[in-house]
Amino acid sequence: GVVVFAVAAMDAYVRDTVASNLAKLVASRAKANRDLPEELVKVVDSAMNTKALIKAAYASRPGSHIRSAVEGILAERSFQSARAIEDAFKIIGLDDLTAKVAEECSDSKKQLERKIREIAKRRHQIVHQADLHQDKQHKRKPREIKVGFVEDALKTIDSFVKHMDQVVKKYMQGIK
């Protein structure tokens, strides 16, 4: 259960962090007359029709309409892999997140991606297969999980999220 909850917490962190930084990003880009990140434009385009966009444009707080639309799209996505997480942060214009996080925590990007992938895979086995073997030889026998794996998974996710948070904060501080 700990592995499942840790991955869920990481997923929620990504969703909330992207959404909570949208308003500042949009206001900053609008004030500087700069284009919005391409990924944000794609998400808004898929989430809002012309009528909703016009309504948002004339609202007292147009950013809240955009945030709601983006949150709706983010709610439909899963952020349990380094690639999905990286794609989420592209919405606020933060590229190469995994490489930046790996640099912060003195790890290689490939190693970090592999660790997150292994933890997510184990989470999927627990959730989607009731943590039971699926092969003919061991069919329906519980998979073994070691305390060391759980501890390492927690440390990895904790470190990944803390360093991700540092990278995001530095990035957002650069937005005026």
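Below, the structure is looked at part by part.

Within the protein, the secondary structure is distributed over eight helices and zero strands. Taken from N to C terminus, the helices and strands of the protein fall in the order α-α-α-α-α-α-α-α. With respect to the three principal axes, the spread of C-alpha positions in the protein is 60 × 35 × 20 Å. Of all 176 residues assigned to the protein, the portion counted as buried reaches 40%. Looking at the protein, you have 33 positive and 24 negative side-chain charges, and the mean spots of the two groups are 2 Å apart.

Turning next to the pattern of salt bridges. Inspection of every chain in the model, using the stated rule, returns ten salt bridges. With its nearest N and O atoms 2.9 Å apart, the salt bridge here joins R67 to E71. Pair noted here: R67 and E71 are both in helix α4 (residues 62-75), with a separation of four residues, about one helical turn. Assessed through its relative accessible area of 32%, R67 is described here as partly exposed. Note that K170 and E104 form a salt bridge whose closest N and O atoms lie 2.7 Å from each other. With K170 in helix α8 (residues 147-173) and E104 in helix α6 (residues 97-104), this pair connects stretches of sequence that are 66 residues apart. The class of E104 is partly exposed, set by a relative accessible area of 29%.

Backbone geometry at N33 places phi at a positive 55°, although glycine is not the residue there. For N33, the location among the structural elements is in the loop between α1 (2-31) and α2 (38-47). For N33, a relative accessible area of 71% gives the class exposed. One non-glycine residue, S106, lies in the positive phi region at around 50°. Structurally, S106 is set in the loop between α6 and α7 (109-128). Take S106: its relative accessible area is 71%, and that puts it in the exposed class.

What counts and what doesn't
- Residues numbered from 1 in each chain as written.
- Predicted model: local features only at pLDDT ≥ 70, side-chain atom pairs only at ≥ 80, totals over all residues.
- Heavy atoms only, no water.
- Helix = DSSP H or I, 4+ residues; strand = E, 2+ residues; numbered from the N terminus.
- Buried < 20%, exposed > 50% of the residue type's maximum accessible area, 1.4 Å probe, protein only.
- Lys, Arg positive; Asp, Glu negative; His and termini not counted.
- Charge placed at Lys NZ, Arg CZ, Asp CG, Glu CD.
- Salt bridge = Lys/Arg side-chain N within 4 Å of Asp/Glu carboxyl O.

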